[in-house]
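# Geometric and topological summary
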Amino acid sequence: QVQVVESGGGVVQPGGALRLSCAASGSIFSMNAMGWHRQAPGKQRELVAAITSGAGTNYADSVKGRFTISRDNAKNTVILQMNSLKPEDTAVYYCYAQGRTIMSTTFTSWGQGTQVTVSS
């Protein structure tokens, strides 16, 4: 079993910054992709950013140039640095982790979500 725990959400004014952190733990043998999705009220969940074990990254067009994703492979953690935040970034942000367990099964685990609110 693999657990994913996020932290770092909150309320920030437009133009401000927040840093989200996520840690995966449990019966992990290897970690492939880690990343973040978000879901705003009344909207579908969407990919925000993802990063592979080789540090390849993928960003939603709406966050390119403002958000940066990074990871620490040794600690199975991923960071989302969010700058120049806009009201439309308001959402619940969910971290996910994909990999293989020590039992050689694949997993995709999600965190419980953390609220980000951008408002003046």
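Residues numbered from 1 in each chain as written. Predicted model: local features only at pLDDT ≥ 70, side-chain atom pairs only at ≥ 80, totals over all residues. Heavy atoms only, no water.

### Details of the overall build of the protein
Counting secondary structure elements, the protein contains zero helices and 11 strands. Since a compact globule built from 120 residues should have a radius of gyration of about 14 Å, the 14 Å found for the protein is in line with a globular shape. On the principal axes, the C-alpha backbone points of the protein span a range of 50 × 25 × 20 Å. Across the 120 residues in the protein, those meeting the buried criterion constitute 42%. Long-range pairs, those at least 24 residues apart, make up 56% of the contacts in the protein between residues at least 6 apart in sequence. (Helix = DSSP H or I, 4+ residues; strand = E, 2+ residues; numbered from the N terminus. Rg over C-alpha atoms; globule rule 2.2 N^0.38 Å. Buried < 20%, exposed > 50% of the residue type's maximum accessible area, 1.4 Å probe, protein only. Contact = heavy atoms within 4.5 Å.)

### Brief notes about the sheet that holds strand β1 (residues 2-7)
Spatial strand order, β1-β3-β8-β7: four strands in an open sheet with antiparallel pairing. Single-partner strands in this sheet number two, and they are β1 and β7 (67-72). Direction aside, the axes of adjacent strands within the sheet are offset by 15 degrees on average. Pairing geometry for β7 and strand β8 (residues 77-82), over six bridges, is antiparallel. The residue of β8 that forms the bridge with R71 is V78. (Pairing = 2+ DSSP bridges. Axes fitted to C-alpha atoms, helices over the stretch in contact; angles between N-to-C directions.)

### Structural notes on the state of the cysteines
Within the structure shown, the criterion is met by one disulfide. Across a sulfur-sulfur distance of 2.0 Å, C22 and C95 are joined as a disulfide pair. Judged by the sign of its S-S torsion, about -80 degrees, the cystine formed by C22 and C95 is left-handed. Separated by 73 residues along the polypeptide, C22 in strand β3 (residues 18-26) and C95 in strand β9 (residues 91-101) bring together distant segments of the chain. Here C22 and C95 have matching classes, each one buried. (Disulfide = S-S within 2.5 Å.)

### As for the environment of S62
Of note, S62 is situated in the loop between β6 (57-59) and β7. Residue classification places S62 among the partly exposed positions, given a relative accessible area of 40%. Separated by 26 residues in the primary sequence, S62 and E88 have C-alpha atoms spaced 9.5 Å apart. A polar contact of 3.3 Å, which involves the side chain of S62, links it to the side chain of R38. (Polar contact = N/O pair within 3.5 Å; in protein donor to acceptor, adjacent residues only side chain to side chain.)

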